[in-house]
Structure formats: C-alpha cells, structure tokens
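Overview (structure and organization)
Next come the chains, spelled out residue by residue.
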Amino acid sequence: GVCLSEDGGLTWKKASEGLPVAPVPSLVLDPKSPAGNRTLYVAAYDHGVFKSTDHGRTWKSISNGIDLKKNSHSWLVQLHPDGTLFCGVTARRVGGRRSHNFPEVGGVYRSKDGGENWEELTKSQPLHWPNEFAVDPRDSKVIYLAAGTIPRHHEGGLYKTSDGGASWTRLLKDEDFAGKGGPSYVQGMFVT
C-alpha cells in the first residue's frame, strides 16, 4: 500500500483506503494539484493503476483500457509535464519463479485524461519483458523503452518511438549488451 508522512518523514500513517493489498512499486504526484489536496497515481502490482484526488486518503481504480486479464503486472507509472500519464506493464511469468514461460506480452500505456482511459503504445512492437521507460520531458511522443530477453524471444535491448508508439526503432540489441550474442537481461536505463 501507500504510507504518508506530513512531518518530513518522522512519522508515517497508512494512506491506502481503496487500494488492494498488493505491492505498490511506483507512485507519482501531480505537481499541478493543490497543496494539501494532491492528486496521486500509483501502479499496484497485479491490479493496475489507482488515483487519489484527496492527498492519498482514498483511492479509485483507473485502469480502463489496460488489459489486466491478459497481463496485470503493472509496475511503473509516470506523469509527463504536459499532463500525459504513462503506465508500464512488465512480464507475466506462468509456472513459478524458475519457469521460463511468459505467455503474454507486456506494454506501455498512455492516458491523456487523467487515467480515465488508456491506450496501448506498444501494439506495433509487442515485447514480452518491457521494463524501464523514459519519456522526453519536452515531447511526450518520444519514448525510450528497455526490454529484457526471455527464452525463444530475443527482444532484449533499447527501443525508441518518436510518434507516440505508432512505430518503434530498436536502437540496441541483445548482442550489444551480452558481448557475444548471449542472453541479456536489461533491467534499467537512464536517458538524458
């Protein structure tokens, strides 16, 4: 869930009413929302995206358009300066921790209406294990996406779109990371 401190981190209290009991790997605050009544967004693993418009006191699900039945591993939410909201859905492994069965692709989703409706940006470039992504702070149509490789799907590397996901270019491949073409697991990236 989510905890809130109003004294610089000295004390904390739960702020999770309406959230599922699940890991919340990502939280973003809308800096344009009023102080004391902030708008917050979280990715709740296995449950999608949630929004609070009352400083985290209550939350509601806002995952319309994110196919949680296909893959519910939402883990990263980002808010662009222009107000566009992004959500990353990563790999879904079936059969336990040691399994190499990833039947469904992940993806990056975009909302232009505060999370009420989402559209998938990676339909033209389906990836089983997308992870970190970075959005150009000057242009929300420019996105860099890191992906890992899983057995039988050599998709690992770095991808870029300049048109909001209509098309993607693979900038780096598995062999660029692994030296001799072996498997790579790209877990994070920084784009400046």
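In this report, we go over the structure that sits alongside the text. (Residues numbered from 1 in each chain as written. Predicted model: local features only at pLDDT ≥ 70, side-chain atom pairs only at ≥ 80, totals over all residues. Heavy atoms only, no water.)

**Description of the sheet that holds strand 14 (residues 143-147)**
Inclusion rule: For two strands to be treated as a pair, DSSP must find no fewer than two bridges joining them. Each helix is a run of DSSP H or I of at least 4 residues and each strand a run of E of at least 2, with the numbering of both proceeding from the N terminus. Note on geometry: axes are lines fitted to C-alpha atoms, helical ones only across the stretch in contact, with angles between N-to-C directions running from 0 to 180 degrees.
In spatial order, the strands read 13-14-15-16; together these 4 strands make up an open sheet with antiparallel pairing. In the strand order of this sheet, the two ends are held by strand 13 (130-135) and strand 16 (169-172), each with one partner. For this sheet, the mean inter-axis angle between neighbouring strands, taken without regard to orientation, is 25°. As paired strands, strand 15 (residues 157-161) and strand 16 are joined by 3 bridges and run antiparallel to one another. Paired with Tyr-159 across the two strands is Arg-170, which belongs to strand 16.

**Thoughts on the pattern of salt bridges**
Applied cut-off: By definition, a salt bridge exists where a carboxyl oxygen of Asp or Glu is found within 4 Å of a side-chain nitrogen of Lys or Arg. Only protein chains enter the accessibility calculation, which uses a 1.4 Å probe; a residue whose area is less than 20% of its type maximum is buried, one above 50% is exposed, and one in between is partly exposed.
In the structure shown here, the tally under the stated rule is 4 salt bridges. Note that Arg-110 is salt-bridged to Glu-119, the shortest N-O span being 3.0 Å. What makes Arg-110 buried here is its relative accessible area of 10%. Of the charged contacts, one joins Asp-136 and Arg-138 as a salt bridge, the two residues approaching to 3.3 Å between their closest N and O atoms. Classification of Arg-138 by relative accessible area gives exposed; the value is 72%.

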